[in-house]
Amino acid sequence: MSAPAAGAHQADESGQGERSDGSNQKPRNASGSQESGQWRLLHPLVLVEDAIDGVKSSVSLIIAAAVVIFHFNPPHWVIWAFGAFVVVCACLIAPMVGYFSTRYRMTGESVEYRSGIVVRKHNIIAYSHIHAISSDEPFYYKPFSVVKLNIASAGTVAADMQLKAVPSDVQYELEHLRHARVSAQSSQASAQEGIVAGIGAEASAIVTGHVRPGASIEEEQGHGEMLYRASTADILLYALTDLRFLAAFVALIGLLDRIKDVISERLFDEAASRVTSVFTSGTVVVIALIVLVVIVLMVASVVNSMLQFYGFEVWRRKDDLVIVRGLLTRRRVTVPVNRIQSVGIRQSVIRRMLHLNSVAVALSASHGEDDDGDSTSISLLPVIRQRELIETIARVLPQWDIPNPQVQRTSRHLTRYLLFLPCMMTGLAVLAVILFAVLRHDGMALLWALLPLAIGALWCFFRWIRGRYEGFQLLDDKRIIVSGARGFALFWVVTRRSRIQSVERQTTVLRQRRGVERLTMPLFVYSGETELRFSVIHQSQAAQLQEWAMRVRS
């Protein structure tokens, strides 16, 4: 989404302000003639979209009603009249009523949204409560300079506000109003607490996001200062190392099982016999077929990644991070840096072998539905090489000051406590299979013992890798690094002490005698790693973390 040159302005509480070029002119807002604080209609393009949605929703209603109507064998004109009535209501009346009953406005303190005629809703979000502002610009919105705007507050998706179709200038206006209000509140709080201004030009530049000297006017009026840009090669690397295409393969197998319930048994058996004949025709054919399936899935992964991350850029404007990406639908997410709750770095098996990482930031709110239906995680760096990781994070998030992790391993010499349960359960399952085979006098039944052995081995591996990589590092009085494993993937997350909600310590009688515990610290985070968890930890380390997090001694 291109930033309108005249739309970037600095607004005060009344909606007035100066343009970014310094001229004392009244800022041009999204409606052109309307002032901030006045109620505005959505863009008329929403009528077309609602009409299309009405056609989709009316099809099922017409089919269901037709079954009932044909049961009474009415005249043909009744059927046609009913169908026309449903279509007119769904495609014309309902969109018009929704359009003219929906308003939004931006005042000096909040953004408001109201809708409905019979049941009237009035949603208000104060600028200081906004955690993220995201917009979607589908390719058919581009000619009209219209976006879908999502304003995220803390908590669940129900706390958000969605403006289906508004001029693109509205997002810039909203961001500047939010920044002006938050800055005014911060100045008032600083004055009340007696904090002396002028801490330093460099620190001020970081907080306010001033653009570096020599930056172009387009940068100051657009997204700000560019911090990171993913090349096409980076996106291809992300796609080829994304293991989600294996999940697509598993989903495809599940779909084939569903097809069996839809088509006739004869057709399914015939197709299955043909597939079986292909697999029994020779090793070369089987290998070629498997390679073909893998290539198709990888091509699908590349296409999906290009649609999602093409043109991926991270900008800084004032105290906000602006993330822009997308091929057909251009997406733009604005995240205030002080709203970031944690920073997570993740490595899958393939990316670990290639020394690659993915970086995401977590908020305490959703940010609008993503390309793959995800409304929680925000990709900060889709894929980045290990040697560039710390330097790039320092450039993008200098406030966090994240170093190379030097964590203390909490499960050192305690791996046996992690492996005890899976080994015991696997042994009991194998004994049960052996007992069943002996009672049935069936030697072939012993082969079923391979299944619990395989599951138990995988369980033990997951426990072992978790124990090998779990650990923590206290950076200072306010920040902590925690490392761990989820399945085959490794991660480490950086968060602040203020995000920790509680400390839960668990142990058993036998473990307590040996000073071994389990520690969990839930975070005030909506997505990503929502808790800091240590499967096994020494009692002294658990007490250290408890005192650091809660300021409470054991």
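Whatever comes next refers back to the structure up there.
Residues numbered from 1 in each chain as written. Predicted model: local features only at pLDDT ≥ 70, side-chain atom pairs only at ≥ 80, totals over all residues. Heavy atoms only, no water.

**Some words on the overall build of the chain**
For step 1, the next point in the chain: Counting secondary structure elements, the chain contains 15 helices and 22 strands.
For step 2, the next point in the chain: Out of the 554 residues in the chain, the part that is buried amounts to 40%.
For step 3, the next point in the chain: Partitioning the contacts of the chain with sequence separation of at least 6, the portion at a separation of at least 24 is 60%.
For step 4, the next point in the chain: Accessible surface, the chain as shown: approximately 29,800 Å² in total, 63% of it carbon and sulfur. (Helix = DSSP H or I, 4+ residues; strand = E, 2+ residues; numbered from the N terminus. Buried < 20%, exposed > 50% of the residue type's maximum accessible area, 1.4 Å probe, protein only. Contact = heavy atoms within 4.5 Å. Areas by Shrake-Rupley, 256 points an atom, 1.4 Å probe, with all protein chains shown as cover.)

**A look at a nonpolar patch on the surface**
For step 1, the next point in the chain: Residues Phe-139, Tyr-140, Ile-287, Val-291, Ile-295, Val-299, Val-303, Leu-307, Tyr-310, Leu-327 and Leu-328 make up a contiguous nonpolar surface patch of roughly 980 Å² in combined accessible area.
For step 2, the next point in the chain: Its place among the elements puts Leu-307 in helix α9 (residues 283–309). (Patch = residues over 30% accessible without salt bridge, like charges linked within 9 Å, V, L, I, M, F, W, Y side chains within 5 Å. Salt bridge = Lys/Arg side-chain N within 4 Å of Asp/Glu carboxyl O.)

**Quick look at the sheet that holds strand β4 (residues 110–115)**
For step 1, the next point in the chain: One open sheet holds the three strands; their spatial order is β3-β4-β5, and the pairing between them is antiparallel. Every other strand in the sheet has two partners, leaving β3 (103–106) and β5 (121–126) as the edge strands with one partner each. For this sheet, the mean inter-axis angle between neighbouring strands, taken without regard to orientation, is 10 degrees.
For step 2, the next point in the chain: In this sheet, β4 lies alongside β3 in antiparallel orientation, the contact comprising four bridges. For Met-106, the partnering residue across the bridge sits in β4 and is Val-111. (Pairing = 2+ DSSP bridges. Axes fitted to C-alpha atoms, helices over the stretch in contact; angles between N-to-C directions.)

**Let's talk about the packing of aromatic side chains**
For step 1, the next point in the chain: Here the structure, examined in full by the defined rule, presents eleven aromatic pairs.
For step 2, the next point in the chain: For the ring pair Tyr-140 and Tyr-141, a centre distance of 5.2 Å and an interplane angle of 90 degrees mean the geometry is edge-to-face.
For step 3, the next point in the chain: Under the relative-accessibility criterion, Tyr-140 is labelled partly exposed at 40%.
For step 4, the next point in the chain: Overall, the relative accessible area of 1% leaves Tyr-141 in the buried class.
For step 5, the next point in the chain: On the numbers, 4.9 Å between centres and 80 degrees between planes, the contact of Phe-462 with Phe-488 is edge-to-face. Here the residue Phe-462 occupies a position in helix α13 (residues 450–469), and Phe-488 occupies one in the loop between β18 (479–486) and β19 (489–496), the gap between them amounting to 26 residues.
For step 6, the next point in the chain: Here Phe-462 falls in the partly exposed class, since its relative accessible area comes to 25%.
For step 7, the next point in the chain: The exposure class assigned to Phe-488 is partly exposed, which follows from its relative accessible area of 44%.
For step 8, the next point in the chain: Taken together, Tyr-228, Tyr-238, Phe-309 and Phe-312 form an aromatic cluster joined through their ring pairs.
For step 9, the next point in the chain: Over the ring of Trp-39 we find Arg-114; its NZ or CZ atom is 4.2 Å from the centre of that ring.
For step 10, the next point in the chain: In this arrangement the basic side chain of Arg-332 is found over the ring face of Tyr-172, its NZ or CZ atom lying 4.5 Å from the centre. (Phe/Tyr/Trp six-rings, centres within 6.5 Å; stacked < 30°, edge-to-face > 60°. Lys NZ or Arg CZ within 6 Å of the ring centre and 35° of its normal.)

**Details of the sheet that holds strand β10 (residues 313–317)**
For step 1, the next point in the chain: Strand order in the open sheet formed by seven strands is β8-β7-β6-β12-β11-β10-β9, and the pairing between neighbours is antiparallel. Edge positions in the open sheet fall to β8 (161–167) and β9 (225–229), since each of these has one partner strand only. Taken pair by pair, the neighbouring strands of this sheet meet at an average axis angle of 20 degrees, ignoring direction.
For step 2, the next point in the chain: Bridge count between strand β7 (residues 146–153) and β8: five bridges; the pairing is antiparallel. Within the sheet, the bridge partner assigned to Asn-150 lies in β8 and is Gln-162.
For step 3, the next point in the chain: Lying on the sheet, helix α11 (residues 386–396) is in contact with β9, β10 and β11 (320–325); it crosses β9 at an angle near 155 degrees.

**Some words on the pattern of salt bridges**
For step 1, the next point in the chain: Summed over all chains, the structure comprises 19 salt bridges.
For step 2, the next point in the chain: Notably, a salt bridge pairs Arg-181 with Glu-109, separated by 3.6 Å at the nearest N-O pair. Here the residue Arg-181 occupies a position in helix α3 (residues 169–193), and Glu-109 occupies one in the loop between β3 and β4, the gap between them amounting to 72 residues.
For step 3, the next point in the chain: Residue Arg-181 is classed as buried on the basis of its relative accessible area, which comes to 14%.
For step 4, the next point in the chain: Given the relative accessible area of 47%, Glu-109 is considered partly exposed.
For step 5, the next point in the chain: Its salt-bridge partner being Arg-317, residue Glu-175 comes within 2.0 Å of it at the nearest N-O pair. On the criterion of sequence distance, the pair formed by Glu-175 in helix α3 and Arg-317 in strand β10 is long-range, its members being 142 residues apart.
For step 6, the next point in the chain: The network of salt bridges with shared partners includes Glu-175, Arg-317 and Arg-332.

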